[in-house]
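Here is how the chains run, residue by residue.
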Amino acid sequence: MATLTILQGGEIGRQYALDGAQAMIGRSPECDVVLDAAAVSRRHAIVTRDGDQYFIQDNGSRNGTIVNGQQIHEQAALRDGDQVLICDVLLQFGNPAASGLLSGVAAGSSLVQALAETGGGEPDDEASSIMATIDVTSDRRVGWQLSAKPEQQLQAMVEISNNLSSTLSIKDILPKVLDSLFKIFVQADRGFILMQPKPGAPLAPVATKARRGEDEGMRWSKTIVQRAIAEKKAILSADAAADARFNMAQSIADFHIRSLLCAPMIDSNGEPIGVIQIDTKDQRSRFTDLDLQVLAGVAGQAANALDNARMHEQMLRQQALQRDLEVAREMQQALLPKSAPHVPGYHFFQHYQAAYEVGGDYYDYVLLPDDRFAAVVGDVAGKGVSAAILMAKLSSDVRFWLAREADPAKALARINAAFSRHGWDDRFVTMVVAVVDPQACELTLVNAGHMPPILRTAAGEVLEVGGEEAGLPLGVADDYPYQAYRREFLAGDLLTIFTDGFSEAMNAHRELFGLSRLLTLCGDKTTKPPDLGACILQAVRTFAGDFPQSDDMCLVCFGRE
């Protein structure tokens, strides 16, 4: 039976059995694998099973899903021992029934598969005659072996340490590595570093060097490179021209290669991220096992430098994203009303708090002709930047059509048609438009798939109003005819409109605040109408305690004095 075990973050050591056709991973208590972390989405990722094979796919989460150090954008295969990072929670996938492993590395892993797809290598049909190998996974910190020549040790350590510590740019690191190697290995004629330019891409040379400036196409042996990656071992072929493995290989025959070294670069997760190969055509200066030890150490140092460079670039991207999110938050706040409208004889309360920097909940007040006013509350499906962008677009349409169309139901139909025309990839919006005519003492509600507002009458009666007339959310059908609910709005009446961030607020016991608690608060006669909004907000905060907010929260209350 396949399992997911928490290695870091959350309940360390807890094991989840994956015994169904699919398993949902997320923060929601309804998930099969529950991760109690605020940054984890409610339904973050899903693991599916196909026979003995398992696959994982991100479920459109905000922070993404990482498998073996690589963020996945499509469905990715899982193999025994793979590590899955979801925010701060590290899990290990176990599947004892899986087969097809090569020396502890899945034969179908992304890097080995990239080798099979690349066109730059030479196929080798006959058996290999490797002269020496070194395991580079036992301890990556031990890069320099005592059996290497002292002068090689010193030169390599100084060159590599100086070059690799002087830059945090990936594009600058790799050429510096080859420059250092050519100073260490004076007999080297060619050198190249193979990596995947991007996840899923074939292996390709990302840095090359020829001592005499010659460009021979930099072809390489797939067998040597594949074995170095699959076994995570540095490889020496002391006489490549006489090696049966290279018969008819253009890269060997045309360039008269006599000896080569090939060492994998292993990242901090123990996974190969590429290889370094050095070769020579000088039969009098073949590489030795001492040279192999030095190259293995260089490859380890290069992998460390690449890890540091990637973390640095990720940090810079994160800082830039954070700055962008702060600007977006300020822009979103600017779109919301700075204060409640001043309408004689009425009182207002409003509250908005996004779960993240920006959110998809929305409210607005719109002053209309004939001394009427409208209160609007909306909830865009999803959270984060994409939901905030939709909210910004929607806010301008709401103001335009409410001001232009006297009938609120027709206005909402116009808003829906304008929203639907853009085709927002199955995104939708629930919304309530409440229009009050103070002169006629009338309340008109139009509901597009939202939870019914709660009305407390002057007599203390608590009602959910407009639910029967509610229509489809915006964006579902572009020509939907909405219906209006109308009733008197008398002195002492109070209307509460809210989003599910209030009713579905969760505490540490994973209990929901619930609609019944909201109804009880609204019906509490000891609470003065102008104070009801603040009481609801305080009650929800007290209920949730320190449990992190998981959804945007929007609340609008208004009443007639």
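> Would you mind showing me how to read the sheet that holds strand 11 (residues 89-94) here?
The pairing of strands in a sheet happens through backbone hydrogen bonds and is either parallel or antiparallel. Sheet architecture is open: 6 strands sit in the order 2-1-11-10-7-8, paired in antiparallel fashion. Looking at the sheet topology across the chains shown, the edges are occupied by strand 2 (15-18) and strand 8 (70-71). Sheet topology note: the strand 1 (residues 2-8)/strand 11 ladder contains 5 bridges and is antiparallel. In the sheet register, Gln-8 faces strand 11, and the bridge partner there is Leu-90.

> Any chance you could explain the nonpolar core here in plain terms?
Note that soluble globular proteins tend to have their nonpolar side chains buried in a common cluster. Among the nonpolar cores identified, the biggest contains 32 residues, and Leu-181, Phe-185, Ile-193, Met-265 and Ile-276 are the most heavily contacted of them. Taken together, the elements giving at least two residues each to this core come down to helix 3 (170-184), strand 16 (190-195), strand 19 (233-237), strand 20 (259-266), strand 21 (272-280) and helix 6 (289-335). Per-element accounting of this core gives the leading share, 11 residues, to helix 6. In this structure Leu-181 touches Ile-276, Ile-278, Leu-295 and Val-298, once residues within four positions along its chain are discounted.

> It is not clear to me how the pattern of salt bridges should be interpreted in this structure. Could you clarify?
A side chain of one charge can pair with a side chain of the opposite charge if their charged atoms are brought near each other. All chains considered together, the criterion is met by 9 salt bridges. Close ionic contact of Glu-30 with Arg-43 constitutes a salt bridge, the shortest N to O distance being 2.6 Å. Taken together, the positions of Glu-30 in the loop between strand 3 (22-26) and strand 4 (33-34) and Arg-43 in the loop between strand 4 and strand 5 (45-50) put the pair 13 residues apart, joining distant regions of the chain. Here Glu-30 falls in the exposed class, since its relative accessible area comes to 63%. Under the relative-accessibility criterion, Arg-43 is labelled partly exposed at 38%.

> Help me understand unusual backbone geometry in this model?
Leaving glycine aside, a negative phi is the common case for residues, and trans is the common case for peptide bonds. The phi dihedral of Asp-370 falls on the positive side, at around 65°, and the residue is not glycine. Among the secondary structure elements, Asp-370 is positioned in the loop between strand 23 (361-367) and strand 24 (373-380). By relative accessible area, Asp-370 is classed as exposed at 59%. Here Asp-371, not a glycine, exhibits a phi torsion of approximately 65°, which is positive. Within the secondary structure layout, Asp-371 lies in the loop between strand 23 and strand 24.

> Help me understand helix 4 (residues 222-231), please; the structure alone is not making it clear to me.
Within the span of helix 4, buried status applies to Ile-224, Val-225, Ala-228, Ile-229 and Ala-230. Backbone geometry just downstream of helix 4 places Lys-232 in the positive-phi region, at approximately 55°.

> Teacher, can you tell me more about the packing of aromatic side chains here?
By convention here, two paired aromatic rings are described through the distance between centres and the angle between planes. Overall, the coordinates contain 13 aromatic pairs when judged by the stated rule. Geometrically, the ring pair formed by Phe-400 and Trp-401 is edge-to-face, given 5.0 Å between the ring centres and 85° between the ring planes. Overall, the relative accessible area of 42% leaves Phe-400 in the partly exposed class. Aromatic pair Tyr-480 and Tyr-482: ring centres 4.9 Å apart, planes at 65°, arrangement edge-to-face. Looking at Tyr-480, the relative accessible area reads 26%, which means it is partly exposed. Judged by relative accessible area, which is 8%, Tyr-482 ranks as buried. Among the aromatic residues, those joined into a ring-pair cluster are Tyr-346, Phe-348, Tyr-363, Tyr-365, Phe-373, Phe-489 and Phe-558.

Rules used throughout
Residues numbered from 1 in each chain as written. Predicted model: local features only at pLDDT ≥ 70, side-chain atom pairs only at ≥ 80, totals over all residues. Heavy atoms only, no water. Pairing = 2+ DSSP bridges. Helix = DSSP H or I, 4+ residues; strand = E, 2+ residues; numbered from the N terminus. Core = buried A, V, L, I, M, F, W, Y, C linked by side-chain atoms within 4.5 Å. Buried < 20%, exposed > 50% of the residue type's maximum accessible area, 1.4 Å probe, protein only. Contact = heavy atoms within 4.5 Å. Salt bridge = Lys/Arg side-chain N within 4 Å of Asp/Glu carboxyl O. Phe/Tyr/Trp six-rings, centres within 6.5 Å; stacked < 30°, edge-to-face > 60°.

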